[in-house]
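# A look at the structure
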Amino acid sequence: MVEIHEWDARDTVALLRKPTADDHKYSRGVLGVRTGSQEYPGAAVLGVEAAWRTGIGMVRYLGPERPADLVLQRRPETVTAPGRVQAWLIGSGTDAATRPAAETARLGELLQGDLPVVVDAGALDLVPGATAPLVVTPHQSEHARLRGLLGLDDVTPTSLADRIEAARETAAAAGIAVLLKGAETVVAAPDGWTAVVRAGTGWLATAGTGDVLGGILGAVVAARGAQRDLDAAALAPLAAAAAYIHGHAGRGAGPGPITALDVAEAVPAVIDELLSGGDPAAR
Ligand SMILES: NC(=O)C1=CN([C@@H]2O[C@H](COP(=O)(O)OP(=O)(O)OC[C@H]3O[C@@H](n4cnc5c(N)ncnc54)[C@H](OP(=O)(O)O)[C@@H]3O)[C@@H](O)[C@H]2O)[C@@H](O)CC1
Ligand SMILES: Nc1ncnc2c1ncn2[C@@H]1O[C@H](COP(=O)(O)OP(=O)(O)O)[C@@H](O)[C@H]1O
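Residues numbered from 1 in each chain as written. Chains lettered and ligands numbered in written order. Predicted model: local features only at pLDDT ≥ 70, side-chain atom pairs only at ≥ 80, totals over all residues. Heavy atoms only, no water.

## Describing the site of ligand 1
Around ligand 1, the structure places 15 residues, and the nearest of them are A43, G93, T94, H139 and D211. A43 places a polar main-chain atom, nitrogen or oxygen, 2.9 Å from an oxygen atom of ligand 1. Here R145 contributes a side-chain N or O atom positioned 3.1 Å from an oxygen atom of ligand 1. For ligand 1, the protein covers 47% of the area, taking 900 Å² as the surface of the free molecule. Element by element, the count of residues in the shell around ligand 1 is highest for helix α5 (residues 140-149), at four residues. (Near = heavy atom within 4 Å. Polar contact = N/O pair within 3.5 Å; in protein donor to acceptor, adjacent residues only side chain to side chain. Areas by Shrake-Rupley, 256 points an atom, 1.4 Å probe, with all protein chains shown as cover. Helix = DSSP H or I, 4+ residues; strand = E, 2+ residues; numbered from the N terminus.)

Here you go:
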């Protein structure tokens with residue numbers, strides 16, 4: 001019988017860290033971001049906004065010019081010069097079919113590196129063969145495509161039990177952490193550790209909320225990566241924490257219709273509540 005961890009507020013706060021008098025921006029974590037494209041520039045803005053709102057020392061945005069301009073308009077604190085980072089976020093707002101060869105080569109280097117990488121959307125095709133510690137964030141259709149690339153059955157399971165089984169199989173086969181998005185988010189580590197996160201609201205089913213999740217997760221990983229080395233097994237609980245924060249930010253952004261940017265803006269209140277000993281699920 002597979003043990004499934006029901007992820008909660010206490011699990012999440014255990015992975016967060018309040019800045020202290022000893023901190024400076026590099027010790028709090030630096031996230032490198034290569035997201036967005038000519039076709040989907042907004043995804044870059046959403047991910048960068050969410051990363052900043054999650055609480056991080058620095059975000060370096062190193063994507064194309066059009067999204068970079070929009071990112072800087074929204075968040076002038078974003079650094080666009082290359083330099084030291086502790087984690088990468090790639091793929092949101094990109095399409096593998098139109099990705100320039102130079103970008104494929106650059107992403108390939110990151111995926112063969114030592115730093116943890118959050119892989120979303122249009123970079124999921126690069127997962128097979130990658131050796132860096134990875135956490136992938138597919139929705140159901142992206143997960144089915146990824147499984148096909150990995151030589152696994154191209155299934156699109158719908159029941160929770162089947163989604164759990166599929167996510168676990170993908171994680172074990174590729175040696176990566178898998179965050180399978182949905183109303184109930186499933187997180188699986190390559191060693192079999194599995195969690196379900198039930199934190200969201202149906203209002204999250206709106207364009208760009210997955211890009212926001214990528215930014216939250218990137219920031220959580222970079223913050224933790226600034227403290228210690230992370231392997232794929234260590235990335236799975238961080239993914240569950242990010243999904244928990246994201247779901248409760250979605251709830252907090254409501255009660256009514258919400259946009260993806262609303263979700264990013266609601267993240268600080270969730271983190272403050274968690275670090276103050278509160279339980280957003282009790283609201
Ligand atoms: N403002 C911006 O810049 C934004 C940019 N974005 C960027 O757009 C890019 C394309 O991402 P995408 O998810 O729209 O397209 P893609 O994976 O090709 O979908 C193909 C098929 O998959 C399904 N499907 C989709 N979602 C599902 C779900 N949650 N759960 C289950 N199934 C789902 C659905 O199939 P159906 O169910 O209709 O048969 C759909 O037809 C990507 O880079 C992303 O980051 C977006 O984030 C929006 C905001
Ligand atoms: N019905 C729902 N209930 C709760 N959360 C949902 C629901 N539908 C989608 N979500 C969440 O919203 C996000 C959508 O991500 P994604 O499908 O990648 O959208 P996009 O590509 O537009 O950013 C995921 O975090 C997912 O878990």
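Still more to cover.
## Structural notes on the sheet that holds strand β2 (residues 30-34)
Overall, mixed pairing links the nine strands, which are arranged β1-β9-β8-β7-β6-β5-β4-β2-β3 in an open sheet. Edge positions in the open sheet fall to β1 (5-6) and β3 (58-61), since each of these has one partner strand only. Of the strand pairs in this sheet, strand β7 (residues 177-180) and strand β8 (residues 185-188) are connected by three bridges, and their pairing is antiparallel. Pairing of V178 across the sheet is with A188, part of β8. (Pairing = 2+ DSSP bridges.)

## A closer look at the packing of aromatic side chains
How two aromatic rings sit relative to each other is set out by the distance from centre to centre and by the angle between their planes. Under the definition given, this model contains one aromatic pair. Ring centres 6.0 Å apart and planes at 90° place the aromatic pair W7 and W193 in the edge-to-face group. On the criterion of sequence distance, the pair formed by W7 in the loop between β1 and α1 (9-13) and W193 in the loop between β8 and β9 (194-197) is long-range, its members being 186 residues apart. Judged by relative accessible area, W193 falls into the partly exposed class, the value being 28%. (Phe/Tyr/Trp six-rings, centres within 6.5 Å; stacked < 30°, edge-to-face > 60°. Buried < 20%, exposed > 50% of the residue type's maximum accessible area, 1.4 Å probe, protein only.)

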